[in-house]
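# Coordinates in review
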Amino acid sequence: MTDAASLPGQPRGLVTSGAATARAVNVLAPNPSAMTLDGTNTWLLSEPDSDLAVVVDPGPLDEGHLRHVVDTAEKLGKRVALTLLTHGHPDHAEGAGRFAELTGTSVRALDPALRLGDEGLGEGDVVTVGGLELRVVPTPGHTSDSLSFHLPADRAVLTGDTILGRGTTMVAHPDGRLGEYLDSLRRLRSLTVDDGVRTVLPGHGPVLEDAQGAVDFYLAHRRSRLAQVETAVLAGHRTAPEVVAHVYADVDRSLWPAAELSVRAQLEYLRERGAL
């Protein structure tokens, strides 16, 4: 058995609903799959002594899950006052409209099409609710609208799909772009160096105790994959499906469609830099 402390980012263990930090509670959505891992992590955030809470990523349009999030808040003596989205993929955002109805909250996101209310989210924004402070960190790459949320009081960052609790994420080409994704990883790394971030609260998978180790693993993984893709192309594998079959031969075939999106993003990145 592999010790979790030896794995990238030091994952905490099993993914379960419950307290993750002093201010963050996970409500795990019942949508496990190869792409969503154990399911979507819906994050309920609040100051310990406040009766107001923020929910990040209500998750899929699953009435039972959405009501469970509300019930969890109420059992903790909290009222959901605001809903935030890390990005617009359905497993994170599809339930936001219905959740807003259940809670009477606005929904804030980078993409105007996902917002319910007048306020969006962007670089430099600080969200405050009941004494809780969240700093908005644009992290495009997985998607163009991807955001992370820095929770300074817990030395934590909510990363959506930019960093997962297990495995690696895809760059959802053509909306996602690899150059932007690499820049986003470097931005997250700067949070670990300059702002003392230690913990990753991901959109899927377990909490990671070593944020810097997780980012370094992701950066190294991307460098390795880029080198493999470049070598595959030079060996005559010209199309994205051909490259996937060659480079991702050790990956479950059910994940090849997602891998193809990442390969397309990598090929575009290499062409833009004159490497191909």
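Scroll up for the structure.
Predicted model, so just to flag it, every value in this text is computed and none were measured.

### Description of the pattern of salt bridges
Inspection of every chain in the model, using the stated rule, returns 15 salt bridges. R67 is the salt-bridge partner of E63, the closest N and O atoms lying 2.8 Å from each other. Linking E63 with R67, this pair stays in helix α1 (residues 63-75), spanning four residues, or about one helical turn. With a shortest N-O distance of 3.0 Å, D183 and R186 are connected by a salt bridge. Here R186 and D183 lie together in helix α4 (residues 178-194), a separation of three residues that amounts to about one turn. For D183, a relative accessible area of 47% puts it in the partly exposed group. With relative accessibility at 45%, the residue R186 sits in the partly exposed group. Connected through salt bridges with shared partners, the residues E63, R67, R98 and E101 form a single ionic network.

### Regarding the layout of surface pockets
If you add up the space inside the largest pocket, you get close to 560 Å³. In terms of lining residues, the largest pocket is bounded by 25 residues, among which M35, T168, T169, M170 and L255 are the most central. Mapped by element, the contributors of at least two residues to the lining of the largest pocket are α5 (211-234) and α7 (256-272). Here the residues of the lining of the largest pocket are counted per class, giving 10 nonpolar, nine polar and six charged.

### A few points about empty space enclosed by the protein
All told, the structure shown has one cavity of 30 Å³ or more when counted by the stated rule. Put simply, the largest cavity is a space of about 30 Å³. For the largest cavity, the full set of lining residues is N41, W43, V56, D57, T86, L158, T159, G160, L201, P202 and G203. Going through the elements one at a time, β3 (41-45), β10 (156-160) and β11 (199-202) are the ones with two or more residues in the lining of the largest cavity. With three residues, the single largest contributor to the lining of the largest cavity is β10. In the lining of the largest cavity, the residues fall into five nonpolar, five polar and one charged.

### Quick word on unusual backbone geometry
In this structure, P174 follows H173 across a cis peptide bond, with omega equal to 5°. Here P174 is to be found in the loop between β10 and α4. At Q10, a position not held by glycine, the phi torsion is positive, near 50°. The residue Q10 is located in the segment before β1 (18-19) in this model.

### Description of the side chain of D57
Along the polypeptide, D57 turns up in the loop between β4 (52-56) and α1. Despite its burial, D57 pairs with no opposite charge; the closest candidate is R108, at 13 Å N-O. There is a polar contact of 2.7 Å between the side chain of D57 and the side chain of T86. Side chain to side chain, D57 and H92 meet in a polar contact 2.8 Å long. Ignoring any residue separated from it by four or fewer positions in sequence, one finds D57 in contact with N41, T42, L84, L85, T86, H87 and H92.

### Examining the nonpolar core
Counting 36 residues, the largest nonpolar core has I163, L178, L185, V243, Y248 and V263 as its most contacted members. Contributing elements (two or more residues each) for this core: α4, α5, α6 (240-247) and α7. Ranked by the residues each element gives to this core, the list is headed by α5, at nine residues. Once residues lying within four places of it in the same chain are set aside, the contact partners of Y248 are R225, V243, W256, A259, S262, V263 and Q266. Within the second largest apolar cluster, 21 residues are counted, among which are A20, A24, L147 and F149.

Procedures and definitions
Residues numbered from 1 in each chain as written. Predicted model: local features only at pLDDT ≥ 70, side-chain atom pairs only at ≥ 80, totals over all residues. Heavy atoms only, no water. Salt bridge = Lys/Arg side-chain N within 4 Å of Asp/Glu carboxyl O. Helix = DSSP H or I, 4+ residues; strand = E, 2+ residues; numbered from the N terminus. Buried < 20%, exposed > 50% of the residue type's maximum accessible area, 1.4 Å probe, protein only. 1 Å grid on protein atoms, 1.4 Å probe; cavity = no way out; pocket = protein on both sides within 12 Å on 5 of 7 lines; lining within 4 Å. Points joined across faces, edges and corners; volume = space filled by probe spheres on them. Nonpolar A, V, L, I, M, F, W, Y, C, P; charged D, E, K, R; others polar. Lys, Arg positive; Asp, Glu negative; His and termini not counted. Polar contact = N/O pair within 3.5 Å; in protein donor to acceptor, adjacent residues only side chain to side chain. Contact = heavy atoms within 4.5 Å. Core = buried A, V, L, I, M, F, W, Y, C linked by side-chain atoms within 4.5 Å.

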